[in-house]
Amino acid sequence: MRVFAGLLLLACAALLMRSTAFSVLAARGVIVDVLAFVTVVWALRWGENRGSTFGFILGVAADLDAAHWLGRHALALALVGYGVGRLSRALVRGNPATQFMLLFAATLAHQAWVLVLELGGVAGWRFLLGHVVVSGLVTAPLGVLVLALIGLGSGRSLFSRAAIEDAPRT
Amino acid sequence: MAAASGVQPPPLGNEGWPLKRGGRTPAGRLMGGFLPPAERRSGVLVGLYVTIALLLLLIGDRIPQAGLRGVGAWLFAPFDRLVLVVDRAGAAWRENERLHERITRLELDAIRLRQAGVENLRLRDSLGLPAYRALTLRPAEVLALAGEPVPTSATLSAGALQGVKVGDAVVTSDGLVGRIGEVYAGLSRVILLTDPNSAVACEVESTGVQGVLRFSASPRPQLLLTGVPMADTVRVGQLVLTSGLSLRYPRGLPVGRVERFARDLNGLTHEIEVAPAVSRSRLRHAYVVPGPVLPGAPDAEVGR
């Protein structure tokens with residue numbers, strides 16, 4: 001129940017930030033991909049099942065907020081949640097470099113997919129590439145900083161160390 | 001023990017996980033063998049989500065989404081307002097100073113224009129032309145913007161209760177923002193000029209050159225004034241206004257300025273890029289202008 005409440009709260013907060021504070025930046029061409037960020041954080045924390053579920057629910061909500069292409073955010077974020085969740089138990093999740101790489105890759109994948117649909121193809125690939133890379137370069141360091149601040153504020157990391165050693169052995 | 005009973009234990013991979021037939025872990029077959037085993041039913045779950053998402057992509061446009069969006073807008077409106085209070089409190093002080101200066105300048109302009117208006121009315125009357133319709137403005141707050149990389153819609157804090165109707169024009173002091181696409185009880189949704197389905201009949205200031213303003217997302221997001229014959233003269237910097245040919249929008253609302261132009265692919269018409277008059281990044285307040293009562297379909301605007 002606590003996890004479900006957390007899921008709803010985080011999803012609502014992400015959608016809210018996206019349509020208010022970050023929409024001002026988006027209108028100036030700088031997209032802080034808050035949807036990819038929270039999906040990565042959730043999947044890192046809870047693994048692939050909850051990661052993909054969170055990504056899917058958040059994606060459907062974001063799709064409903066936009067006027068076109070119902071399902072595009074849902075597809076990308078469900079896969080991001082699954083992929084990151086799948087990797088989460090094999091990585092040192094508290095490591096800023098790991099977080100940076102995951103956030104960068106997730107933002108790149110999410111934005112590339114969304115923009116290709118929005119622009120109707122890859123004809124404007126220069127614009128697309130520029131936007132996607134800028135979005136990744138903004139979201140990843142900002143995300144790492146936010147996670148570090150949360151860690152400092154709460155006194156402990158959101159994530160425990162990777163648990164390869166916990167994998168089943170025979 | 002196992003060897004003694006004749007049962008061989010399964011061979012172990014590099015990480016100590018049991019290998020399945022073929023010598024690799026299930027995850028290893030996909031991801032090079034460095035991942036721990038997947039959670040139970042994770043493949044089924046993600047497969048289900050991908051299938052639903054693909055179905056939504058294929059048939060999503062046929063699902064009535066307006067009701068769902070209305071509920072979402074209603075749920076989020078109080079939070080939107082809360083976040084915006086913090087965002088706007090800082091900007092309000094600076095904006096207040098700027099607005100005071102602007103009001104003074106505009107009041108001086110208004111005196112001059114009032115005299116010109118009286119003269120204009122007299123001249124129009126003598127020519128037998130109808131008088132211009134004064135605009136009724138209903139103020140509303142812009143609660144949220146949606147769409148990336150360019151916002152395509154916005155949520156307004158005025159709805160059916162405030163008399164807002166589908167098709168009404170939305171303006172700011174800078175110019176045209178878009179038109180109302182969906183109306184809920186106390187909220188409404190504006191389709192911005194940057195929506196790919198939006199089309200506005202426009203004319204270029206003073207020359208009266210006519211064209212249709214559309215948004216093009218490819219090769220990069222831009223507002224284009226299309227359908228302007230090559231024979232017509234257009235200059236960079238000229239103002240683009242809504243034209244009298246538009247059934248939906250009042251005439252003379254600023255839309256943007258000519259930024260650059262080129263030949264279209266057919267070589268028959270200009271393709272004019274227009275810099276929008278309204279900055280979407282500073283969209284805080286807007287005014288709803290009631291549209292004219294149209295005979296027939298509410299979507300008669302398309303293509304005009």
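Structure shown above.
The following refers to the structure shown. The shown structure was predicted, so the numbers you read here are calculated from the model rather than taken from an experiment. (Residues numbered from 1 in each chain as written. Chains lettered and ligands numbered in written order. Predicted model: local features only at pLDDT ≥ 70, side-chain atom pairs only at ≥ 80, totals over all residues.)

### Examining the overall build of chain A
Counting secondary structure elements, chain A contains seven helices and zero strands. Listing each helix as α and each strand as β along chain A from the N terminus yields α-α-α-α-α-α-α. With 170 residues in all, chain A has 52% of them scored as buried. Considering only contacts in chain A between residues 6 or more positions apart, those separated by 24 or more positions represent 69%. (Helix = DSSP H or I, 4+ residues; strand = E, 2+ residues; numbered from the N terminus. Buried ≥ 20, exposed ≤ 12 C-beta atoms within 10 Å, placed from the backbone. Contact = placed C-beta atoms within 7 Å.)

### As for the environment of Leu16 of chain A
Along the chain, the position of Leu16 of chain A falls in helix 1 (residues 2-19). What makes Leu16 of chain A partly exposed here is the crowd of 18 C-beta atoms within 10 Å. If we ignore the near neighbours within four places in the chain, the residues touching Leu16 of chain A are Phe76, Phe79, Asp80 and Val83 of chain B.

### Structural notes on the interface of chain B and chain A
On the side of chain A, 49 residues touch chain B, which itself brings 49 residues to the contact. Those elements giving two or more residues to the side of chain B that touches chain A turn out to be helix 3 (42-59), helix 4 (66-127) and strand 1 (138-146) of chain B.

### Here we look at the sheet that holds strand 1 of chain B
Residue and element names in this part refer to chain B. The antiparallel closed barrel is built from six strands, whose spatial order is 1-2-5-4-3-12. The sheet shows a mean angle of 45 degrees between the axes of neighbouring strands, taken without regard to direction. Two strands pair when backbone bridges link them, and strand 4 (residues 176-183) and strand 5 (residues 188-192) are joined in this way by five bridges, in the antiparallel orientation. Bridge pairing in strand 5 links Arg179 to Ile191. (Pairing = 2+ DSSP bridges. Axes fitted to C-alpha atoms, helices over the stretch in contact; angles between N-to-C directions.)

### As for the sheet that holds strand 10 (residues 254-263) of chain B
Residues and elements named next belong to chain B. Taken in spatial order, the six strands line up as 6-7-8-11-10-9 and close into a barrel, and their pairing is antiparallel. Sheet twist, expressed as the mean angle between neighbouring strand axes with direction ignored, is 45 degrees. When strand 10 meets strand 11 (residues 269-276), the two strands line up antiparallel, connected through seven bridges. Bridge pairing links Ala262 to Glu271 in strand 11.

### Describing helix 5 (residues 72-88) of chain A
Its 17 residues place the ends of helix 5 of chain A 24 Å apart at the C-alpha level, agreeing with the 24 Å of an ideal helix rising 1.5 Å per residue. Burial runs high along helix 5 of chain A: 17 of the 17 residues are buried. (Expected span 1.5 Å × (residues − 1).)

### Examining helix 3 (residues 34-46) of chain A
Residue and element names in this part refer to chain A. In this model, helix 3 (13 residues) spans 18 Å end to end at C-alpha, consistent with the 18 Å of a helix rising 1.5 Å per residue. All of the buried residues in helix 3 are Val34, Leu35, Ala36, Phe37, Val38, Thr39, Val40, Val41, Trp42, Ala43 and Leu44. At its buried positions, helix 3 is contacted by helix 1, helix 2 (21-27), helix 4 (48-65), helix 5, helix 6 (96-119) and helix 7 (125-154). Looking at the residues trailing helix 3, positive phi occurs at Gly47, about 90 degrees.

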